[in-house]
Structure formats: C-alpha cells, structure tokens
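Geometric and topological summary
One letter stands for each residue in the lines below.
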Amino acid sequence: CQLNCHLTYTIYPTMKLSVCIGALAATTVSAFTTSFMPAGLRGVQSGSAMQMALKEGEVPIIIGLAADSGCGKSTFMRRVTSTFGGDVVGPLGGGFGNGGWETNTLVSDLTTVICLDDYHLNDRQGRKVSGLTALNTAEQKFDLMYEHVKALKEGKSVMKPIYNHVNGTLDEPEKIEPTPIIIIEGLHPFHDDRVRELIDFSLYLDISPDVKLNWKIQRDMEERGHSLESIMASIEARKPDFDAFIEPQKKYADYVIEVLPTQLDPEDKKTLRVRGIQKKGVADFNPTYLFDEGSEITWVPSADKLSTPAPGMKLAYTQDQYFGND
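One structure accompanies this document, and this report is about it. (Residues numbered from 1 in each chain as written. Predicted model: local features only at pLDDT ≥ 70, side-chain atom pairs only at ≥ 80, totals over all residues. Heavy atoms only, no water.)

1. Section: the pairing of strand E9 (residues 181–186)
- Most of E9 is tucked away, with six of its six residues classed as buried.
- Here E9 shows a buried face lined by Ile181, Ile183 and Glu185 and a second buried face lined by Ile182, Ile184 and Gly186.
- Inspection of the sheet shows strand E3 (residues 61–66) paired to E9 by six bridges, in the parallel sense. Considered in E9, the bridge of Ile63 is made with Ile183. (Buried < 20%, exposed > 50% of the residue type's maximum accessible area, 1.4 Å probe, protein only. Helix = DSSP H or I, 4+ residues; strand = E, 2+ residues; numbered from the N terminus. Pairing = 2+ DSSP bridges.)

Below, the structure is given as structure tokens:
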C-alpha cells in the first residue's frame, strides 16, 4: 500500500491484524469497519441525503477516537465516515467558501464526526494568558462535552461551539443533529469517565515521535503556514502534557493503531511499520486475524510477487496482553 512512500505493515497485537496506513489509509479503515459493525447497522443502505435521520427508537452508536495533534485523526475519520456509508463526505453546511461556515464537523449519510477541539475552554489568545496548552485537561469543557454526547445518544440535537483552527478563535455555535453513527475525535475523548461510559467503541492512534514529527511538519508547514522553528518549539512545549494527559488514554482503547519506523531496514526512514492491537470481548466487534483465528503467524511474502520495492513486507499475528487485557 503506498502514499508517496511504500509502507511496511506489521502486526503483533492482542488479536492483531495487519493494517496499512497511507497516512492512515483505506486498508486500515476497511479492516476496522468490517470488524466493528453494530448489528442494527449491518445491511443498512445509505440514503441520498447528506445525513440520515434517526429512526424512531434508534440509539446512535458512539465511537471515540483519541490521538495527539497531527496524528492523522482527520484523515482517518474521513475514511471511516466514507466506509460506514455515504458517497458524499464533507463539512457540515458545506464548509467555508461553499455557502457554509468554518466548521470542524464532518458528515455523511450515516455519520457525524465531531472534533473535540470545539470544546476548548479558551481560544488561542486565552491559552497564552493561562499559560496552558490545549492538551491540558484544564483547557477543556468536559461538562459540556458530556452533556452534548449524552443528548445526541438520546436522539436530541445540540448547539455545539466551534474552535476555529485558522485564526484560533471560538466561533458561533452550530446545530448538530443525531445520526445513526456519531464519532467524537480529539485529544481527550476517554479522559472523562462520564463521556467514556457513553462510548460504544474506542480507538487510539499511537504515532511514534519520529513519524509524528514528519506528519506534523507536513501539515503545519504546508497547510497552515507555520515555520519549522515554531513547530519544533510547540512539540517540545507540548510533550509533558502529552505524556500526562493524552497517552494514558491508551488503556481505555478497544483498538490501538501504532505507527512506527520499519524494523526491516535500519537505514530506511520512509517505510512504516503498523501494529493493530485489538481487544477481545468487545460487543459487536469481531477481531480480524491472519489465516486462522487464535494462531500465531509470521509471514514474509516472496519479494518476486510484490510490486513494492525493498524492504518489502512482513506480516505477523500473535496473542498477547495489553494493559492487562487479552
């Protein structure tokens, strides 16, 4: 699987499948969405409207995704949203420049994706005054986050705030209607135990520091116009808060996707190793496996049969424990 560079995909997790991440690409999403599909949504055909209204008595499925800034959450969620149902995936209201507004909310036929940055307590200027980063839990409105997720799961609409990533301001709220699948993605979806109890399935994107740096430079320099110096300073300033507030959420995840440098060639800085860690015993989730469920397999396909250049590919599937879970 390729995206500018070819990617090695490996998997060694608790029930582990091999996934390929082209900046968290479609193969990963397909593996996830075919494994986790609530019974009530199996066989559902998406409608022609941008969002499908809830049926009477239908309870939305809440999926939580946690990751650090610059780890590909938005790319991954766009793939997930498209795979769950809907030929059209786009910003709520059409987005700024298309008759809409500056929004972080992504919608398709079945799915609404809510960016939890919208629950920042302060805008960018306010955080300069407080001296805290956005990773610090003191900078989040957890009470409001809980109230909104609870209301949406009860089939009620909410007026959600908007954090404007372009200018760092808190904009006017937007109306969010409940849909069959609601995904909350951001820095702290599992921190508050009240919110965590409302989540039906939880994912954590765990990107190694080297890979994270490369992705963040690409995003913040090319897309947001930040300088390399400001990006490096931001990473150093944020690391203590990442260690304190973001990384501990891994233990709550039903599925962890790790992205690491390859082990096939120590000189290769482009090829990635991906490890999918699947927790057993999660409702409506059938773990993916290589060849035979419950076995332990390492497979190196013949280089003659691969279209990708060296170092090629290695896949593995093993049984293990992760934070005390099988």
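Now, onward.
2. Quick look at the packing of helix H6 (residues 209–222) against helix H7 (residues 228–246)
- Their axes nearest at 11 Å, the elements H6 and H7 cross at an angle of 130°. Relative to H7, H6 is oriented oblique. Considering the relative orientation of H6 and H7, their crossing is right-handed. Contact with H6, carried on its side by Lys212, Leu213, Lys216, Ile217, Asp220 and Met221, involves Leu228, Ile231, Met232, Ser234, Ile235 and Phe242 of H7 and no other residues of that element.
- Within the contact of H6 with H7, the residues separate by chemical class into eight nonpolar, one polar and three charged. (Axes fitted to C-alpha atoms, helices over the stretch in contact; angles between N-to-C directions. Parallel < 35°, antiparallel > 145°, perpendicular 65-115°, else oblique. Left-handed = near helix turned anticlockwise from the far one by under 90°. Contact = heavy atoms within 4.5 Å. Nonpolar A, V, L, I, M, F, W, Y, C, P; charged D, E, K, R; others polar.)

3. Points about the sheet that holds strand E10 (residues 201–207)
- The mixed open sheet is built from eight strands, whose spatial order is E4-E5-E6-E9-E3-E10-E11-E12. Pairing within the sheet leaves two strands with one partner each, and these edge strands are strand E4 (90–91) and strand E12 (272–278).
- As judged from the two bridges shared by strand E5 (residues 106–107) and strand E6 (residues 111–115), these two strands associate in the antiparallel manner. Across the sheet, Leu106 pairs through a bridge with Val113, a residue of E6.

4. Quick look at unusual backbone geometry
- For Asp284, which is not a glycine, the phi torsion comes out positive at approximately 60°.
- Looking at where Asp284 falls in the secondary structure, it is placed in the loop between E12 and strand E13 (297–299).
- Relative accessible area serves as the criterion here: at 37%, Asp284 is assigned to the partly exposed category.
- Backbone geometry places Phe323, a non-glycine residue, at a positive phi of 55°.
- Looking at where Phe323 falls in the secondary structure, it is placed in the segment after strand E14 (315–317).

5. Considering the nonpolar core
- Among the nonpolar cores identified, the biggest contains 31 residues, and Ile114, Ile184, Tyr204 and Ile246 are the most heavily contacted of them.
- Those elements that place two or more of their residues in this core are E3, helix H4 (142–153), E9, helix H5 (193–198) and H7.
- Setting aside chain neighbours within four positions, we find Tyr204 in contact with Ala66, Phe242, Ile246, Glu247, Gln249, Lys250, Ala253, Tyr255, Val256 and Ile257.
- The next biggest cluster of nonpolar side chains, apart from the first, holds 27 residues, and it includes Leu106, Leu203, Leu205 and Trp215. (Core = buried A, V, L, I, M, F, W, Y, C linked by side-chain atoms within 4.5 Å.)

6. Here's the deal with H7
- In this model H7 runs just 23 Å from its N-terminal to its C-terminal C-alpha over 19 residues, more than 12% under the 27 Å that 1.5 Å per residue would give.
- At Arg238, H7 shows its maximal bend, which comes to roughly 40°, and the proline Pro240 appears one to four places after that position.
- Within H7, burial applies to Ile231, Arg238, Asp241, Phe242, Phe245 and Ile246.
- Contacts from the buried residues of H7 go to E10 and H6. (Expected span 1.5 Å × (residues − 1). Bend = angle between axes of the 7 residues up to and from the residue.)

7. Re the pattern of salt bridges
- Counted according to the given criterion, the structure contains 15 salt bridges.
- Note that Asp206 is salt-bridged to Lys250, the shortest N-O span being 3.1 Å. On the criterion of sequence distance, the pair formed by Asp206 in strand E10 and Lys250 in the loop between H7 and strand E11 (255–261) is long-range, its members being 44 residues apart.
- A residue is classified by how much of its surface remains accessible, and Lys250, at 10% relative accessible area, is buried.
- The partner of Asp254 in a salt bridge is Lys279, and the shortest N-O contact between them spans 3.5 Å. Taken together, the residues span a long stretch of sequence, with Asp254 in the loop between H7 and E11 and Lys279 in the loop between E12 and E13 at a distance of 25 residues. Side by side, Asp254 and Lys279 carry an identical accessibility label, which is buried.
- In this structure, a network of salt bridges that share partners links the residues Asp68, Lys212 and Arg238. (Salt bridge = Lys/Arg side-chain N within 4 Å of Asp/Glu carboxyl O.)

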